[in-house]
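# Working through the structure, step by step
What follows is the residue order along each chain.
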Amino acid sequence: MDQQINKEPDLKDIVNQVFKLLRRSAQTGSDLHYPVLSTISEGKARLRKVVLRDFDAATAELFIHTDLRSHKIKNIKKEPHVSLLFWDPDKRVQLQVFGKAIINHLDVTAKKHWNYLPDIAKRTYGGPFNPGSIISEYMVNEAINVDSETINKEAFHHFVVLRIEIEEIEYLKLRKEGHVRARLNPHNGAWKAIWLAA
């Protein structure tokens, strides 16, 4: 059972709770599994829901899958600093995660994640159109036969793993006794938290 923040919250407990929530966020069915990813494009914030595929607690890295042709990749190539917003409705906890996005394409990390994907997911990376591009009429933008060697190779060429190196986390818990807010940063190989006014 997750430890609850009582009327006298403790910073060490908050750090532990944050990492427990992030570990859970990579699990299918978790309310945290679909965070909002924010990038910057031409001075505007661009927001979209993404699926969190993995979280490495040892390196404090988040992993997301996307298409090389997507707008978010263009945004990240120009400005790699991104943020993610998580919300746990049961615990009434919000996490703002800030970090640097690394594009893993046609490398060991990409291949490892690709090998775990079912064929139905691989097909989404084999579509003929760039995601977000204008098309004359509706059609499903995915490969029809991902089982063939040619299509599978083309789909993998479009596949990207975004590896987000976490640099800072803001924690906010809403509660009747008084909201709790803290900021977490890495320090000498560990994570330290400081209080913020809620």
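Scroll up for the structure.
Notes on the structure in this doc start here. (Residues numbered from 1 in each chain as written. Predicted model: local features only at pLDDT ≥ 70, side-chain atom pairs only at ≥ 80, totals over all residues. Heavy atoms only, no water.)

### Details of the overall build of the chain
In terms of helices and strands, the chain carries 5 helices and 9 strands. N-terminal to C-terminal, the α/β element order of the chain is α-β-β-β-β-α-β-β-α-α-α-β-β-β. Viewed in the frame of its principal axes, the chain has a C-alpha envelope of about 60 × 35 × 35 Å. Counting over 198 residues, the chain shows a buried share of 39%. A sequence separation of at least 24 residues applies to 60% of the contacts in the chain between residues at least 6 apart. Distance between charge centroids for the chain: 3 Å, based on 30 positive and 25 negative side chains. (Helix = DSSP H or I, 4+ residues; strand = E, 2+ residues; numbered from the N terminus. Buried < 20%, exposed > 50% of the residue type's maximum accessible area, 1.4 Å probe, protein only. Contact = heavy atoms within 4.5 Å. Lys, Arg positive; Asp, Glu negative; His and termini not counted. Charge placed at Lys NZ, Arg CZ, Asp CG, Glu CD.)

### Structural notes on the pairing of strand β3 (residues 52–56)
When β3 meets strand β4 (residues 61–67), the two strands line up antiparallel, connected through 4 bridges. Bridge pairing in β4 places Asp 54 opposite Phe 63. Counting the residues that bridge the hairpin from β3 to β4 gives 4 residues, and of these Ala 60 lies at a positive phi of roughly 55°. (Pairing = 2+ DSSP bridges.)

### Focus on the pattern of salt bridges
Considering all chains together, one arrives at 6 salt bridges under this definition. Asp 67 is the salt-bridge partner of Arg 69, the closest N and O atoms lying 2.9 Å from each other. A relative accessible area of 13% means that Arg 69 is categorised as buried. Under the relative-accessibility criterion, Asp 67 is labelled buried at 7%. Between Arg 163 and Glu 165 there is a salt bridge, with the nearest N and O atoms lying 3.3 Å from each other. In this structure Arg 163 comes out as buried when scored by relative accessible area, which is 18%. Among the charged side chains, a network of salt bridges with common partners joins Glu 61, Arg 163 and Glu 165. (Salt bridge = Lys/Arg side-chain N within 4 Å of Asp/Glu carboxyl O.)

### Digging into the environment of Asp 13
Relative to the helices and strands, Asp 13 resides in helix α1 (residues 11–25). Residue classification places Asp 13 among the partly exposed positions, given a relative accessible area of 25%. Considering only alpha carbons, one finds Asp 13 and Ala 193, 180 residues apart in sequence, at a separation of 9.9 Å.

### Points about the side chain of Lys 72
Its place among the elements puts Lys 72 in helix α2 (residues 71–78). Here Lys 72 is buried and forms no salt bridge, its nearest opposite-charge partner Asp 67 lying at an N-O distance of 8.6 Å. Not counting chain neighbours up to four residues away, the residues in contact with Lys 72 comprise Leu 37, Arg 48, Val 50, Thr 66 and Leu 162.

### Section: the packing of aromatic side chains
Enumeration over the complete set of coordinates arrives at 7 aromatic pairs. Ring geometry for Trp 114 and Tyr 125: centres 6.2 Å apart, planes at 65°, overall edge-to-face. Of the two residues, Trp 114 sits in helix α3 (residues 108–116) while Tyr 125 sits in the loop between α4 (119–122) and α5 (149–158), which places them 11 residues apart along the sequence. The two residues Trp 114 and Tyr 125 agree in class, both being buried. Cluster of aromatic residues (ring-pair linked, three or more members): Trp 114, Tyr 125, Phe 156 and Phe 159. (Phe/Tyr/Trp six-rings, centres within 6.5 Å; stacked < 30°, edge-to-face > 60°.)

Remember that the coordinates give geometry; whether it matters functionally is a separate question.
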